[in-house]
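# Structural characterization, general
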Amino acid sequence: MVHVAVALVNGLTPGESRGRAVTPPGDLAVTATETLRSAYPGHREVAAEEARELVEIAGRLRVVFEAVARDDMDTAALQVNAVLHDTRARPMLERHDGEPWHLHFHGPGGTMAGDWGASCATALAVVLGGEFADRLGVCTAPHCDRVYVDVSRNGTRRFCSTACQNRVKTAAFRARGRVG
Ligand SMILES: [Zn+2]
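Computed from a predicted structure; not experimentally measured. (Residues numbered from 1 in each chain as written. Predicted model: local features only at pLDDT ≥ 70, side-chain atom pairs only at ≥ 80, totals over all residues. Heavy atoms only, no water.)

## A short note on the coordination of the zinc ion
Bound to the zinc ion on the protein side are C139 (SG), C144 (SG), C160 (SG) and C164 (SG), at distances that span 2.2 to 2.3 Å. Considered as a linear motif, the donors of the zinc ion on their single chain read C-x4-C-x15-C-x3-C. Of this pair, C144 sits in the loop between β5 (136-138) and β6 (147-149) while C164 sits in helix α6 (residues 162-179), and the two are 20 residues apart along the sequence. For the pair formed by C144 and C164, the shared burial category is buried. (Donors = N, O, S within 2.8 Å, 3.2 Å for Na, K, Ca; no water. Helix = DSSP H or I, 4+ residues; strand = E, 2+ residues; numbered from the N terminus. Buried < 20%, exposed > 50% of the residue type's maximum accessible area, 1.4 Å probe, protein only.)

Here is the structure:
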């Protein structure tokens, strides 16, 4: 579920992505649907009101990544707790639609966006409470503030994507060329 949190933050919060400004989407519902489907294929279409709520959730999740990136674990933990609280997150095994028993992290009667908020906050809580708490991050490339979760073996990831990694490499190569 951490990858859903990453997708929501990167798809639905303003800022910069890979050197380009992230502009508000023309059709928020379409963008929200695409964002969720990028992490959870087959997700149903998102309505306009749900999309607005998802944007708010994404903004609250972004705070967690930004706090971890500057080693402010207190802010990260308090923010996760606030989202857990507001979305009434709690684990419960459920079985429906012919699926086997599986774990849900939200109570009945919640909104779709609130339910994703509960699931994402729970996932971030597991990360923050474990030995890989510092694996959440914000891209360090110029003109990019997209977030990532570092699942590499040595935990040295610094960029949101290979695109940003290559941008920085190319810039460093050019800089060396000028000096030499
Ligand atoms: Zn980036």
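## So, the packing of helix α3 (residues 48-69) against helix α5 (residues 112-128)
Two elements in contact, α3 and α5, have axes separated by 8 Å at closest approach and are oriented at 10°. In terms of axis orientation, α3 runs roughly parallel to α5. When the axes of α3 and α5 are compared, the crossing they make is right-handed. Contact with α3, carried on its side by E50, E53, L54, I57, L61, V64, F65 and V68, involves M112, A113, G114, W116, G117, C120, A121, L124 and L128 of α5 and no other residues of that element. Residues that form the contact of α3 with α5 fall into these classes: 13 nonpolar, 2 polar and 2 charged. (Axes fitted to C-alpha atoms, helices over the stretch in contact; angles between N-to-C directions. Parallel < 35°, antiparallel > 145°, perpendicular 65-115°, else oblique. Left-handed = near helix turned anticlockwise from the far one by under 90°. Contact = heavy atoms within 4.5 Å. Nonpolar A, V, L, I, M, F, W, Y, C, P; charged D, E, K, R; others polar.)

## Comments concerning the packing of α3 against helix α4 (residues 73-86)
Contact geometry of α3 with α4 gives a least axis separation of 7 Å together with a crossing angle of 160°. By the angle between their axes, α3 is roughly antiparallel relative to α4. Here α3 runs over α4; the crossing is left-handed. Facing α3, whose interface residues are R60, V63, V64, A67 and V68, α4 presents M73, T75, A76, Q79, V80, A82, V83 and D86.

## Here's the deal with the pattern of salt bridges
The full count for this structure, using the stated rule, is 8 salt bridges. Among the salt bridges present, the one from E50 reaches R44, with a minimum N-O distance of 2.7 Å. The exposure class assigned to E50 is buried, which follows from its relative accessible area of 16%. For R52, the salt bridge identified is with E49, shortest N-O distance 3.0 Å. Residue R52 and its partner E49 are both found in helix α3; the two are separated by 3 residues, about one turn of the helix. When salt bridges that share partners are traced, they join R62, E66, D145 and R146 into one network. (Salt bridge = Lys/Arg side-chain N within 4 Å of Asp/Glu carboxyl O.)

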